[in-house]
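# Coordinates in review
Take a look at the letters that make up each chain.
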Amino acid sequence: MEIFGVDIGGSGIKGAPVDLDKGDLAQERHKVLTPHPATPDAVADGVREVVGHFGWTGPVGITFPGVVEGGTTVRSAANVDKSWIDTDARVLFGNRLGGLPVTLVNDADAAGLAEMHFGAGRHRRGTVILLTLGTGIGSAVFVDGVLVPNTELGHLELNGHEAEKRASSKAREDHDLSWEKWAHRVQKYLAHVEMLFSPELFVLGGGVSRKADKFLHHIKGIRAEVVPASLQNNAGIVGAALRAATGS
Ligand code: BGC
């Protein structure tokens with residue numbers, strides 16, 4: 001079965017039809033730059049362009065980088081325009097896509113669903129936490145494969161700062177940190193999350209999962225297993241389509 005997945009990120013809006021039997025993109029993805037300011041109207045135009053590129057007419061799953069209540073309403077907007085807050089994004093995107101059925105899910109939750117079904121978290125029981133280290137830090141918490149949605153662990157406080165301002169991939173670039181220095185910040189953050197949740201497994205996602213060889217070996221002293229996401233940058237697209245298909 002194929003369902004369309006769209007991933008709205010801090011730098012790009014990416015999408016493709018997803019082959020849900022394989023857990024992979026069915027065609028090469030299409031990307032447009034995320035508009036700045038990333039207002040609801042401007043982002044919806046980007047989503048329409050991505051979906052329209054494929055002439056898609058079926059159901060669409062869309063990720064959003066903030067809290068998504070009940071698969072419809074946006075309740076936070078840390079890295080996009082504040083006017084998103086309280087927007088019924090399912091209605092907004094549905095209208096912009098000419099009435100196609102739309103399912104909305106938090107971006108990290110989508111990546112986590114994809115990793116649990118097809119990737120690094122497959123068949124893993126107990127507590128598994130996926131963290132996406134990108135423009136912000138997103139989290140997806142699973143207990144025996146069941147998602148606890150909208151956990152927002154990127155906003156935990158770490159040494160007096162919001163964790164995502166210190167340990168996201170953007171923080172590494174903004175502060176011009178070496179991989180090793182940045183890995184130490186990630187390590188501190190993981191130790192903090194581990195103290196709170198005692199997971200069996202951490203899956204590290206986002207663009208940096210492709211560069212795990214540069215930083216993973218610098219992360220030490222974490223009891224849980226720490227592995228890179230295996231769907232890498234396509235996890236959000238695949239997870240959005242999965243959510244649209246199964247609602248889980
Ligand atoms: C948002 C999360 C999101 C994460 C990654 C955070 O700032 O609050 O909802 O999952 O960034 O985009």
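Everything that follows concerns the structure shown earlier in this document.
Residues numbered from 1 in each chain as written. Predicted model: local features only at pLDDT ≥ 70, side-chain atom pairs only at ≥ 80, totals over all residues. Heavy atoms only, no water.

With that settled, consider the packing of helix H1 (residues 40–53) against helix H2 (residues 89–96). Close contact between H1 and H2 brings their axes to 9 Å; oriented N to C, the two are set at 50°. In this view, H1 runs oblique relative to H2, as classed from their interaxial angle. For the pair H1 and H2, the sense of crossing is right-handed. Of H2, the residues touching H1 (which contributes Pro-40, Asp-41, Val-43, Ala-44, Asp-45, Val-47 and Arg-48) are Leu-92, Phe-93 and Arg-96. The class makeup of the residues in the contact of H1 with H2 is 6 nonpolar, no polar and 4 charged. (Axes fitted to C-alpha atoms, helices over the stretch in contact; angles between N-to-C directions. Helix = DSSP H or I, 4+ residues; strand = E, 2+ residues; numbered from the N terminus. Parallel < 35°, antiparallel > 145°, perpendicular 65-115°, else oblique. Left-handed = near helix turned anticlockwise from the far one by under 90°. Contact = heavy atoms within 4.5 Å. Nonpolar A, V, L, I, M, F, W, Y, C, P; charged D, E, K, R; others polar.)

To continue, consider the environment of Val-208. Mapped onto the elements of the fold, Val-208 is located in the loop between strand S14 (201–205) and helix H7 (212–215). Exposure remark for Val-208: the relative accessible area of 5% places this residue in the buried category. Contacts of Val-208, omitting those with residues within four sequence positions, involve Leu-133, Ser-169, Trp-179, Trp-182 and Phe-215. (Buried < 20%, exposed > 50% of the residue type's maximum accessible area, 1.4 Å probe, protein only.)

Any empty space left between the atoms is revealed when a probe the size of a water molecule rolls over them. Approximately 880 Å³ is the volume found for the largest pocket. Secondary structure elements with two or more residues in the lining of the largest pocket: strand S1 (2–8), helix H3 (107–118), strand S9 (127–133), strand S10 (137–143), helix H5 (169–174) and helix H8 (235–246). For the lining of the largest pocket, a count of residues per class yields 12 nonpolar, 23 polar and 13 charged. In this structure, the second largest pocket encloses a volume near 160 Å³. Forming the boundary of the second largest pocket are Leu-113, Met-116, His-117, Gly-121, His-123, Arg-124, Arg-125, Phe-142, Gly-145, Val-146 and Leu-147. (1 Å grid on protein atoms, 1.4 Å probe; cavity = no way out; pocket = protein on both sides within 12 Å on 5 of 7 lines; lining within 4 Å. Points joined across faces, edges and corners; volume = space filled by probe spheres on them.)

Just geometry here; none of it tells us what the structure is for.
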